[in-house]
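Structural description and commentary
Residue strings, one per chain:
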Amino acid sequence: METIVGESDKESTSEEGPTCQTSLKPLVFSVKNLETQTPEEAMSIIYEETYDCPESHCSYSTPSKRQFQKHVLIHSNKRPYECYICNYTFKRSDSLRQHMLIHSGEKPYECDFCAMRFKHRNSRNRHKLKHMESERN
């Protein structure tokens, strides 16, 4: 069984100032296990800790601090992302990005079977099902 060892990053400075403030612990894991690991298991090896949602009714847990921070907004009343056109607010940046398609008129999702275009991927996928069903009949 082959083993890979990752080295720690150390804080370093140059004439221009600090180049990295992150310090990582050495990682030791088996290459054989990488083939059978889920992405969550792989991330837990890298990050070595998990973030659990503090809400009693929620069982969300992730090894990614960024994903955890995005998740926590779901439970709060904070809506930090605002549309500069209509002032509608959102909890998540991706929701604002999707909303902006309303104002731009852009339809980035194209049907593989015809020339129709859609603002939302789910709408395109629902439409594609009609083509697939008609091919079966």
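The paragraphs below set out a description of the structure included in this document. What you see is a predicted model; the values in this text were computed from it and never measured.

1. Considerations on the side chain of lysine 128
Along the chain, the position of lysine 128 falls in helix H5 (residues 121–136). For lysine 128, a relative accessible area of 17% corresponds to the buried category. Among all residues touching lysine 128, those that are not within four sequence positions of it are Cys111, Asp112 and Phe113.

2. A closer look at the side chain of histidine 99
Mapped onto the elements, histidine 99 comes out in helix H4 (residues 93–104). By relative accessible area, which is 12% here, histidine 99 ends up buried. At 3.1 Å, the side chain of histidine 99 forms a polar contact with the side chain of histidine 103. Aside from chain neighbours lying at most four places away, what touches histidine 99 is Cys83, Cys86, Tyr88 and Phe90.

What counts and what doesn't
- Per chain, residue numbering runs from 1 following the sequence as it is written.
- Predicted model: local features are reported for residues with pLDDT of at least 70 only, side-chain atom pairs are reported and counted for 80 or more only, and whole-chain, interface and lining totals are derived from all residues.
- The side-chain numbers reported here are obtained from all heavy atoms of the structure, hydrogens and water having been left aside.
- Helix and strand definitions here come from DSSP, where helices need a minimum of 4 consecutive H or I residues and strands a minimum of 2 consecutive E residues; each element is numbered from the N-terminal end.
- The rule is simple: take the accessible area with a 1.4 Å probe, protein chains only, and divide by the maximum for that residue type; under 20% is buried, over 50% is exposed, in between is partly exposed.
- Contact criterion: two residues are considered in contact whenever any of their non-hydrogen atoms come within 4.5 Å of each other.
- Polar contacts here mean pairs of N or O atoms no more than 3.5 Å apart (in protein, one a potential hydrogen donor and the other a potential acceptor; neighbouring residues in sequence count only if both atoms are side-chain atoms).

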